[in-house]
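# Residue-level structure breakdown
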Amino acid sequence: PIEYIQIRIYNVDNNQYWTGSGWAGGEQWPSCTVYTSSWSYSGVSWVSGDYQITVRGKDTVGPRDLIGYSSVRNFTFDATPPPTNVINTPQNGDFYNDTLTSYAGQAVDDKSGVANVYLKIQDLEYPSTYWNGSSWQDSEVWASVSSPFNPWNYGGANFPTQTEGHKCQLTPKALDNAGNTAIGTSIICYYDNIKPTQTITYPEDGGVYGGIVEIKS
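Scope of this entry: the structure provided in the associated data block. (Residues numbered from 1 in each chain as written. Predicted model: local features only at pLDDT ≥ 70, side-chain atom pairs only at ≥ 80, totals over all residues. Heavy atoms only, no water.)

### Some words on the overall build of the protein
Helix and strand counts for the protein come out as zero helices and 19 strands. Against the 2.2 N^0.38 benchmark of 17 Å for 217 residues, the protein shows a C-alpha radius of gyration of 31 Å, more extended than a compact globule. In terms of principal-axis extent, the alpha carbons of the protein reach across some 120 × 40 × 25 Å. Put simply, the protein has 217 residues, and 32% of those count as buried. Across the protein, every contact between residues at least 6 apart in sequence was considered, and the portion connecting residues at least 24 apart equals 60%. Per element, the accessible surface of the protein, about 13,000 Å² overall, is 48% carbon and sulfur. For the protein, the separation between the mean place of its 11 positive charges and that of its 21 negative charges on side chains is 13 Å. (Helix = DSSP H or I, 4+ residues; strand = E, 2+ residues; numbered from the N terminus. Rg over C-alpha atoms; globule rule 2.2 N^0.38 Å. Buried < 20%, exposed > 50% of the residue type's maximum accessible area, 1.4 Å probe, protein only. Contact = heavy atoms within 4.5 Å. Areas by Shrake-Rupley, 256 points an atom, 1.4 Å probe, with all protein chains shown as cover. Lys, Arg positive; Asp, Glu negative; His and termini not counted. Charge placed at Lys NZ, Arg CZ, Asp CG, Glu CD.)

### Side note on the pattern of salt bridges
Applying the stated criterion to the full structure yields five salt bridges. Two residues, R8 and E27, come together in a salt bridge whose shortest N-O distance is 2.9 Å. Taken together, the residues R8 in strand β1 (residues 2-11) and E27 in the loop between β3 (23-24) and β4 (33-34) connect sequence positions 19 residues apart. Judged by its relative accessible area of 45%, E27 falls in the partly exposed class. The salt bridge partner of D13 is K111, with a shortest N-O separation of 2.7 Å. Of the two residues, D13 is situated in the loop between β1 and β2 (16-18) and K111 in the loop between β11 (102-108) and β12 (114-123); the sequence distance between them amounts to 98 residues. Among the ionic contacts, a cluster of salt bridges with common partners joins D13, D50 and K111. (Salt bridge = Lys/Arg side-chain N within 4 Å of Asp/Glu carboxyl O.)

### Things to note about a nonpolar patch on the surface
Nonpolar side chains collect at one region of the surface, where I200, Y209, I212 and I215 lie side by side and expose about 420 Å² of accessible area between them. Positionally, I200 belongs in the segment after β19 (187-191). Taking the relative accessible area as the measure of exposure, I200 reaches 63% and is therefore exposed. (Patch = residues over 30% accessible without salt bridge, like charges linked within 9 Å, V, L, I, M, F, W, Y side chains within 5 Å.)

### Focus: the nonpolar core
Counting 22 residues, the largest nonpolar core has Y103, V117, L119, I121, W152, Y154 and L170 as its most contacted members. Broken down by secondary-structure element, the contributors of at least two residues to this core are β11, β12, β15 (143-145), β16 (152-155), β17 (167-176) and β19. Here this core takes four residues from β12, the largest share from any one element. Setting aside residues up to four positions removed in sequence, L119 forms contacts with I87, Y103, V141, W142, A143, V145, W152, Y154, T171 and P172. (Core = buried A, V, L, I, M, F, W, Y, C linked by side-chain atoms within 4.5 Å.)

### Quick notes on the environment of S139
Here S139 shows up in the loop between β14 (136-137) and β15. Note on S139: relative accessible area 43%, which makes it partly exposed. Separated by ten residues in the primary sequence, S139 and T129 have C-alpha atoms spaced 7.0 Å apart.

### Some words on the sheet that holds β11
Pairing is antiparallel in the open sheet, where three strands are placed in the order β9-β11-β16. The sheet is open, and its two borders are formed by β9 (84-89) and β16, each paired with just one other strand. Neighbouring strand axes in the sheet, compared pairwise and without regard to direction, differ in orientation by 25° on average. Two elements, β11 and β16, share four bridges in a ladder whose sense is antiparallel. Each residue of the ladder has a partner; that of A104, found in β16, is N153. (Pairing = 2+ DSSP bridges. Axes fitted to C-alpha atoms, helices over the stretch in contact; angles between N-to-C directions.)

### Focus: the side chain of Q122
Topologically, Q122 is positioned in strand β12. Among residues more than four places away in sequence, those in contact with Q122 are S128, T129, Y130, W136, K167, C168 and Q169.

### Regarding the environment of S146
Topologically, S146 is positioned in the loop between β15 and β16. Given the relative accessible area of 52%, S146 is considered exposed. Sequence separation between S146 and W18 is 128 residues; the distance between their C-alpha atoms is 39 Å.

Next up, the structure:
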């Protein structure tokens with residue numbers, strides 16, 4: 001029969017051990033719940049970090065100092081969404097033309113890493129539509145951004161078709177490898193591909209003048 005099974009839960013990042021009710025310095029071995037052929041442990045107040053877990057046990061037969069240890073299990077616990085999730089190009093309020101051929105941004109997760117980045121690309125003019133990566137549609141959709149994500153670039157064949165005079169809202173979303181999601185700040189930009197035109201009405205082309213007071217358009 002099993003006399004006891006104990007577990008050591010070590011947070012590598014802050015050099016602390018789980019006591020059974022909190023985190024503290026110095027090695028700790030709280031007891032597990034033991035069943036006929038298994039054991040379990042619950043109630044840990046996890047914080048984001050890298051961990052090592054080791055289990056030790058002793059049965060009721062043989063010398064009392066004979067204890068068996070498991071191998072060390074290493075893993076990462078990440079409860080925090082990606083802290084960096086931004087659009088860098090274009091900037092909020094920018095006017096742009098057909099020289100802009102891609103959107104750019106950055107997504108960073110310093111614990112489990114970024115798994116995916118998405119863009120919600122919405123044309124705010126009538127009819128309000130969403131870009132799905134190849135065409136505009138009425139229902140909301142998030143277009144997938146290809147890695148790498150620090151920085152990322154969304155362009156090429158996936159870049160949305162633009163309509164003169166329309167404004168577009170871009171929203172980034174980043175998902176880390178632990179399943180945490182961060183939706184970044186939206187930006188609005190304006191598409192203007194018509195160059196301004198100017199004419200001169202006075203003086204007339206080829207005219208001859210003895211005095212010019214004002215040039216007019």
